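Structural description and commentary
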Amino acid sequence: MTVARTLQPLIVVLLASGCTPLPPPAPPPVEPAPRAPAISAEQRRAAEDIARQLTSQTGDVAAVYAALRRAYSGQGERFSETLTLAQQPPLKPLSYYQDDIERVTINRLLRPGEGLAYWRNWSKVLTGGSWDPAKQFRDPEEMRQVGNYAIFGILAHELGHYLTSHNFSMPAARMIDELWADQLAVAMMDHLAAANPG
Ligand SMILES: [Zn+2]
């Protein structure tokens, strides 16, 4: 499975992932993108751990979370001891970060046979059911694995909220916080994709 194919449905899901949907993206900035920092051996191991969990029949989102924290830490980000992870059933559309109790709530990873239900649920939420996920994917296993990559992307976004000190009591700042969380998450996914191509 290519990274590009993985990210396509993922980006759609990120925009609806339990946070305020964002407007269409602004035109690309004129200045060149900053060069990504070098990938350390630790980050390469984190990327491999994440890929293993997402493609395994028995992957654990808590292990993805632990590896993602290691990867963010490798880029100089700091986490407090009190930040925790809560898991919820895979068809819950709303994942979120609660700043007051420092907790990320995220779907557990999909088990074999759960991919179609996962994507049908997003189709219902985003298109009223008019998008047919069965036509988008090769087979049920691809549906499941891409679904797990979507959950990973949402988790990276929610951790981005933690890292940008997201504050839900400040509506005016909310859109900026969403953009920061997305930028951090996309940068981390880019970085991990480069560390673990294929
Ligand atoms: Zn968000």
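Look up a bit, the structure's there.
Cut-offs used in this document
- Residues numbered from 1 in each chain as written.
- Predicted model: local features only at pLDDT ≥ 70, side-chain atom pairs only at ≥ 80, totals over all residues.
- Helix = DSSP H or I, 4+ residues; strand = E, 2+ residues; numbered from the N terminus.
- Buried ≥ 20, exposed ≤ 12 C-beta atoms within 10 Å, placed from the backbone.
- Contact = placed C-beta atoms within 7 Å.
- Expected span 1.5 Å × (residues − 1).
- Arc of directions from axis to C-beta.

**Considering the overall build of the chain**
Within the chain, the regular secondary structure consists of seven helices and three strands. Along the chain direction, N to C, the helices and strands of the chain fall in the order α-α-α-β-β-β-α-α-α-α. Among the 198 residues that make up the chain, the fraction classed as buried is 34%. For the chain, contacts bridging at least 24 residues in sequence account for 68% of all contacts bridging at least 6.

**Topic: helix H2 (residues 41–55)**
In an α-helix, one turn spans 3.6 residues; hence positions three or four apart end up facing the same way. Relative to the 21 Å expected for 15 residues at 1.5 Å per residue, H2 spans 21 Å between its end C-alpha atoms, a close match to the ideal helical length. Of the positions making up H2, those classed as buried are Gln-43, Ala-46, Ala-47, Ile-50, Ala-51, Gln-53 and Leu-54. Viewed end-on, H2 has its buried residues packed into an arc of 165°, placing them on one side of the element.

**Notes on unusual backbone geometry**
Positive phi values are uncommon outside glycine, yet Glu-102 reaches one of about 50°. Along the polypeptide, Glu-102 turns up in the loop between strand E2 (96–98) and strand E3 (103–107). Given 14 C-beta atoms within a 10 Å radius, Glu-102 is considered partly exposed.

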